[in-house]
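Residue-level listing of the chains:
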Amino acid sequence: MIEVKFYDEVNDALLRFAVIISKKGGKWVFCKHRNRETYEIPGGHREEGESILDTAKRELYEETGAVEYNLKPVCVYSVLRKDSIESNDGNESFGMLYFADILSFERELHYEIERILITEQLVKDWTYPFIQPKLIEEAQRRGYL
């Protein structure tokens, strides 16, 4: 079982991921990793010595090719994996959720992403179906979408 929680802030050292809900011209932007058949919100792991904002910028570029955009922090989120409702294995990981309004892309993708999808509808075939739709719901609740 997976539980997703939201926070206004946590200690920066706990932030391991940046996820960037993205739109271009009012349409959703999703990416497809070349080794998967599903779609996801751009994002990824924080590298050693990198600020979480720089992680968000790097991942947005690597996964969508976005070169011009407006980027805003939404909130901190965590993913808690539970073996059962009564037990908690203590494996809570934290990330920063951002929203990007993308203005322009590079012509080619250079990293592990096979393609991006720009669509008016949310995808149905999520890579992380128990996490990413909840991130979008929280960003909507907070007035970012």
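Undergrad: Break down the overall build of the protein for me, citing the residues and quoting the values.
TA: The helix and strand tally for the protein stands at 2 helices and 7 strands. Going from N to C terminus, the protein has its helices and strands arranged as β-β-β-β-α-β-β-β-α. For the protein, the C-alpha radius of gyration of 15 Å lies close to 15 Å, the compact-globule estimate for 145 residues. Here the C-alpha coordinates of the protein stretch approximately 50 × 35 × 30 Å along the principal axes. Intrachain contacts of the protein at a sequence separation of at least 6 include 73% that bridge at least 24 residues. When the accessible surface of the protein is totalled, it reaches about 8,200 Å², and 46% of it is carbon and sulfur.

Undergrad: Lay out helix H1 (residues 52-64) in plain terms, naming residues and giving numbers.
TA: With 13 residues, H1 extends 18 Å from end C-alpha to end C-alpha; this agrees with the ideal 18 Å at 1.5 Å per step. Taken as a whole, H1 has its buried residues at Ile52, Thr55, Ala56, Arg58, Glu59, Leu60, Glu62, Glu63 and Thr64. Where H1 is buried, its residues meet strand E2 (15-24), strand E3 (27-33), strand E4 (43-45), strand E5 (66-81), strand E6 (91-105) and strand E7 (113-119). Just downstream of H1 lies Gly65, where phi reads positive at about 80°.

Undergrad: Now, about the environment of Thr64: what can you tell me, with residues and values included?
TA: Residue placement: Thr64 occurs in helix H1. When the C-alpha atoms of Thr64 and Phe105 are compared, they prove to be 7.3 Å apart, with 41 residues separating the residues in sequence. Apart from the residues within four sequence positions on either side, Thr64 is in contact with Val29, Pro42, Glu59, Ile102, Phe105, Leu109 and Ile116. At 2.6 Å, the side chain of Thr64 and the backbone oxygen of Leu60 are in polar contact. A polar contact of 3.0 Å, which involves the side chain of Thr64, links it to the backbone nitrogen of Ala66.

Reading guide: rules and limits
- Residues numbered from 1 in each chain as written.
- Predicted model: local features only at pLDDT ≥ 70, side-chain atom pairs only at ≥ 80, totals over all residues.
- Heavy atoms only, no water.
- Helix = DSSP H or I, 4+ residues; strand = E, 2+ residues; numbered from the N terminus.
- Rg over C-alpha atoms; globule rule 2.2 N^0.38 Å.
- Contact = heavy atoms within 4.5 Å.
- Areas by Shrake-Rupley, 256 points an atom, 1.4 Å probe, with all protein chains shown as cover.
- Expected span 1.5 Å × (residues − 1).
- Buried < 20%, exposed > 50% of the residue type's maximum accessible area, 1.4 Å probe, protein only.
- Polar contact = N/O pair within 3.5 Å; in protein donor to acceptor, adjacent residues only side chain to side chain.

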